[in-house]
Amino acid sequence: MSAVPSSKPCATVRQTLERLIRKGRLPSALLFHGERGIGKARLALHLAKGLLCLTSAEERTSRTTLGCDQCRNCHLVDSGIHPDLHQLDFSDSDTWTTAAFRSFLGTLAMRTVDGGPRIIIFNFAESMSLQSANALLKSLEEPRSGTHFILVTAAPTLLPATILSRCQPFYFAPFWSRGGTSETLSLAPHTDPSIEDPITIIARMAEGSSTVATLLSEHQQLVTLICAGVDAVLSGGSSDAVLHARELAQKKDDIGVKLLILQRYLRCLMRDSGSAPLQRRLAIALTNALTAERLIVDRNLGAVSVLTAVLDSLSPEAATQPWAVNREQLLSSYTL
């Protein structure tokens, strides 16, 4: 099994899981990966509920990723107190120290309370310490019958290769890469932001991530001004929209949100554009926007000058620069 997660369309993840369940071939270790807020943890919980459901367990072939919502086990899962379902959140390093995690793994040798399956969900699995990952490795190599580990992560490359190689990966693709989604959301091809509804722009930029959609919805004015400014710069104009965008870039507040809006909108434009010269300019700007985030955080560079430089890289003159970036890699990049 490859240590690098393979792509599997999110639209088929549930169907694939149900097919594996019906055949009795559900892996003991699964890796749910894709950007944050796209539904990985929610499906992991649905899967656990379906596996623990007493009604669906009566006939193995009928078991799915959904519970009946009526039996005692389903109610216990909904209440978060089912004894055979464990949800570990590694975003807080103080909660799961290596010692505490080793102690928890030791309890997995005990019988389950109901004599049925046991499910362990690792949220923010990428934040697991190397020591904890090494401790988990033995459990993944010698899984107990009926025990299922579900690792949920937005950054699978931060996990050790030894862990990745022992998990069956399931990729949760952004909405724009799934067939038929644009029709579902009734999203038209890109139009001028001054005409397009801000909610529609946000939906397109969020790409199915509720986390991103919520954040952008709280900054609708920024979204409208920055997107309009980007369009104006691309057209080579010096309109008020460009001035507004540059003014925003020169203000130190909400730097992270501004960068997120730039990155997301540039990626939307790259998907929609069929012009090679325009895609080249967008690729250069998107590369700069992604690099800017790291420069601001890692090297404490002035955010104002970096953001302004990103806007300037959208100018028509940028089309003359070498295009040494991978378009697909840029499109698959994420920040949250």
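Here the structure is shown first, and the text comes after it.
Residues numbered from 1 in each chain as written. Predicted model: local features only at pLDDT ≥ 70, side-chain atom pairs only at ≥ 80, totals over all residues. Heavy atoms only, no water.

Engineer: Explain the sheet that holds strand E2 (residues 85-89) to me, please; I cannot follow it from the model alone.
Structural biologist: The strands making up a sheet associate through hydrogen bonds between their backbones, and the pairing can be parallel or antiparallel. Strand order in the open sheet made by the 5 strands is E2-E3-E4-E1-E5, with parallel pairing throughout. Where the open sheet ends on each side, the last strands, each with one partner, are E2 and strand E5 (168-171). Neighbour-to-neighbour, the strand axes of the sheet open up by a mean angle of 20°, direction not taken into account. As paired strands, strand E1 (residues 29-33) and E5 are joined by 4 bridges and run parallel to one another. Across the sheet, residue Phe32 finds its bridge partner in E5, namely Phe170. Here helix H1 (residues 13-22) sits on the sheet and contacts E1 and E5; the angle it forms with E5, its principal contact strand, is near 150°. (Pairing = 2+ DSSP bridges. Helix = DSSP H or I, 4+ residues; strand = E, 2+ residues; numbered from the N terminus. Axes fitted to C-alpha atoms, helices over the stretch in contact; angles between N-to-C directions. Contact = heavy atoms within 4.5 Å.)

Engineer: What am I meant to see in the nonpolar core here?
Structural biologist: One broad trend across soluble globular proteins is that nonpolar side chains are buried collectively. Counting residues in each nonpolar core, the largest one holds 35 residues, and the members touching the most others are Met205, Leu216, Val223, Val230, Ile261, Leu266 and Leu314. For this core, the elements supplying multiple residues, two or more each, are helix H9 (198-206), helix H10 (210-217), helix H11 (220-234), helix H12 (240-249), helix H13 (255-272), helix H14 (276-299) and helix H15 (303-312). Among the elements that make up this core, the one with the highest residue count is H13 (9 residues). With near-sequence residues (within four places) excluded, Val223 lies in contact with Ile201, Ile202, Met205, Leu216 and Ile261. Residues Phe101, Ala125, Ala133 and Leu151 belong to the second largest nonpolar core, which totals 23 residues. (Core = buried A, V, L, I, M, F, W, Y, C linked by side-chain atoms within 4.5 Å. Buried < 20%, exposed > 50% of the residue type's maximum accessible area, 1.4 Å probe, protein only.)

Engineer: Can you walk me through the packing of aromatic side chains in this structure?
Structural biologist: Two descriptors summarise a pair of aromatic rings, namely the distance from one centre to the other and the angle between the planes of the rings. Across all of its chains, the model carries 10 aromatic pairs by this definition. With centroids separated by 5.9 Å and ring planes inclined at 80°, the aromatic side chains of Phe32 and Phe170 adopt a geometry described as edge-to-face. Note that Phe32 is positioned in strand E1 and Phe170 in strand E5, a separation of 138 residues in sequence. The structure contains a cluster of three or more aromatic residues connected by ring pairs, namely Phe90, Trp96, Phe101, Phe104, Phe122 and Phe149. (Phe/Tyr/Trp six-rings, centres within 6.5 Å; stacked < 30°, edge-to-face > 60°.)

Engineer: What is the right way to read a positive patch on the surface from this model?
Structural biologist: The grouping of Arg19, Arg22, Lys23 and Arg25 at the surface amounts to a positive patch. Structurally, Arg25 can be placed in the loop between H1 and E1. (Patch = residues over 30% accessible without salt bridge, like charges linked within 9 Å, V, L, I, M, F, W, Y side chains within 5 Å. Areas by Shrake-Rupley, 256 points an atom, 1.4 Å probe, with all protein chains shown as cover. Salt bridge = Lys/Arg side-chain N within 4 Å of Asp/Glu carboxyl O. Lys, Arg positive; Asp, Glu negative; His and termini not counted. Charge placed at Lys NZ, Arg CZ, Asp CG, Glu CD.)

Engineer: Looking at this structure, how should I read the pairing of strand E4 (residues 147-153)?
Structural biologist: Each regular strand carries side chains that alternate between the two faces of the sheet. Buried residues dominate E4, accounting for 7 of its 7 residues. What you see with E4 is no split at all: Thr147, Phe149, Leu151 and Thr153 on one side and His148, Ile150 and Val152 on the other are buried throughout. Sheet analysis places E1 next to E4, joined by 5 bridges and oriented parallel. Opposite Leu31, over in E4, you have Leu151 as the bridge partner. Remark: the strand E3 (residues 118-123)/helix H6 (residues 130-141)/E4 crossover connection has right-handed handedness. (Right-handed = clockwise from strand over helix to strand, strands pointing away.)

Engineer: What exactly am I supposed to notice about the pattern of salt bridges here?
Structural biologist: Pairing between side chains becomes possible if they bear opposite charge and their charged atoms approach one another. Applying the stated criterion to the full structure yields 4 salt bridges. Two residues, Lys49 and Asp69, come together in a salt bridge whose shortest N-O distance is 2.3 Å. A residue pair is termed long-range when its members are at least 10 positions apart, and Lys49 in helix H2 (residues 40-52) and Asp69 in the loop between helix H3 (54-57) and helix H4 (72-79) qualify at 20 residues. The residue Asp78 makes a salt bridge to Lys49 at a minimum N-O spacing of 2.8 Å. In this pair, Asp78 is assigned in helix H4 and Lys49 in helix H2, connecting sequence segments 29 residues apart.

Engineer: Before we go on, may I ask you to explain the side chain of Asn123 in this structure?
Structural biologist: Mapped onto the elements of the fold, Asn123 is located in strand E3. Excluding anything up to four places from it in sequence, Asn123 contacts Ala41, Gln87, Leu88, Asp89, Phe90 and Val152.

Engineer: What exactly am I supposed to notice about unusual backbone geometry here?
Structural biologist: For residues other than glycine, phi is negative in most cases, and the peptide bonds are mostly trans. For Asp69, which is not glycine, the phi torsion reads 65° and is therefore positive. According to the relative accessible area criterion, Asp69 is partly exposed, its value standing at 39%. Backbone geometry at Phe124 places phi at a positive 55°, although glycine is not the residue there. Counting through the fold element by element, Phe124 comes out in the loop between E3 and H6. By relative accessible area, which is 31% here, Phe124 ends up partly exposed.

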